[in-house]
Amino acid sequence: MTTLLLQLSDPHIREPGRLAYGRINTAPYLAQAVQTMLRLPQRADALVITGDLTDFGRAAEYEHLRALLAPLGPLPTYLLPGNHDERTQLRQSFPQHTYLGTEGFVQYCVPVGGMTLIALDTVVPGASEGSLCRERLAWLADALDAHRHRPVVIAMHHPPFQTLIGHMDAIGLLSGAAELEALVARHPNVERVICGHLHRSIQVRFGGAIAMTAPSPAHQVCLDLAPDATSAWTLEPPGFAVHALPEGGRLVSHTAASGVHEGPYPFHEAGQLID
């Protein structure tokens, strides 16, 4: 059996009818991503959303998010705060999500098929940048030791690496990245460190594993690697990530485009190439 973990990130949901950044209604984009997930040929084992669930962390925004995710039905869905979220309101709005805990950092370990998902909280309240303090890193060290005999995926909001998109790196994980990489390096069963925040698909080697970000189901951060690049977003094609772990194999990650597209068309018919 292959374990399928879906990853959404940065939907930035507003109250119904409200626009993010005064320009974009993010809700239809999330609805489109949900429908695309439901059309996948394989049944997913779980979905994790790696932060910026809402735009301001308000109760009405989380209620709207809940309604938009409802078509997923019984699919286990795991939430993680980003810098646009508010921990207390998140817990109050999703009381049935008991893995969120009742206070402090939102950190948890859950089984997903043949792997363990470890969620790590990088939020600094009131700030755009992220951090991993000694308490959070110590919790992770214990969690990794407890799950050293299973494949592990670590989920977090702020990526622990430089992306070369300068204005985003300035509000990335500004402390704790080196310590996190050392922990990952000591645990070869860590298959991925999956992140959000960047609204793009980006990959890098990290502690002997792969760290990566997922695209947003709505708007993307502009791909501009100039040191003085302007902070801006674009309506490039939206998407999400699909992490597939075959039994006894290695984790393979795909980026899936949201929406309905032409095809599929065969490369050949009746064993013959089409001329």
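So, here's what we can say about the structure.

Calculation notes
- Residues numbered from 1 in each chain as written.
- Predicted model: local features only at pLDDT ≥ 70, side-chain atom pairs only at ≥ 80, totals over all residues.
- Heavy atoms only, no water.
- 1 Å grid on protein atoms, 1.4 Å probe; cavity = no way out; pocket = protein on both sides within 12 Å on 5 of 7 lines; lining within 4 Å.
- Points joined across faces, edges and corners; volume = space filled by probe spheres on them.
- Helix = DSSP H or I, 4+ residues; strand = E, 2+ residues; numbered from the N terminus.
- Nonpolar A, V, L, I, M, F, W, Y, C, P; charged D, E, K, R; others polar.
- Core = buried A, V, L, I, M, F, W, Y, C linked by side-chain atoms within 4.5 Å.
- Buried < 20%, exposed > 50% of the residue type's maximum accessible area, 1.4 Å probe, protein only.
- Axes fitted to C-alpha atoms, helices over the stretch in contact; angles between N-to-C directions.
- Parallel < 35°, antiparallel > 145°, perpendicular 65-115°, else oblique.
- Left-handed = near helix turned anticlockwise from the far one by under 90°.
- Contact = heavy atoms within 4.5 Å.
- Pairing = 2+ DSSP bridges.

The computed volume of the largest pocket comes to approximately 300 Å³. Lining the largest pocket are 17 residues, with Tyr21, His84, Met168, Val221 and Ser231 positioned closest to its centre. Residue assignment for the lining of the largest pocket shows that the elements contributing at least two residues are helix H5 (166-169) and strand E10 (220-221). Class assignment of the residues belonging to the lining of the largest pocket gives a composition of 6 nonpolar, 10 polar and 1 charged.

Leu5, Tyr78 and Leu117 are the most contacted members of the largest nonpolar core, which totals 46 residues. Here this core takes 5 residues from helix H1 (residues 27-38), the largest share from any one element.

Where H1 meets helix H2 (residues 59-69), the axes come as close as 9 Å, and the angle between the chain directions of the two elements is 30°. One element, H1, and the other, H2, form an angle in the roughly parallel class. Of the two elements, H1 crosses H2, and the hand of that crossing is right-handed. Listed contacts from H2 to Ala27, Leu30, Ala31 and Val34 of H1 are His64, Leu65, Leu68 and Leu69. Considered class by class, the residues forming the contact of H1 with H2 number 7 nonpolar, 1 polar and no charged.

Right, let's talk about the sheet that holds strand E13 (residues 252-257) for a bit. Note on sheets: strands pair through backbone hydrogen bonds, and any given pair is parallel or antiparallel. Strand order across the open sheet formed by 5 strands is E3-E2-E1-E12-E13, with mixed pairing between neighbours. Edge strands, defined here as strands with exactly one partner in the open sheet, are strand E3 (77-80) and E13. Between one strand and the next, the sheet's axes are offset by a mean angle of 25°, whatever the strand orientation. Looking at chain direction, strand E1 (residues 2-8) and strand E2 (residues 46-50) are connected through 4 bridges and run parallel. Following the sheet pairing, Gln7 is matched in E2 by Val48. Sheet strands in contact with H1 are E1, E2, strand E12 (239-246) and E13, and its direction is about 170° off that of E1.

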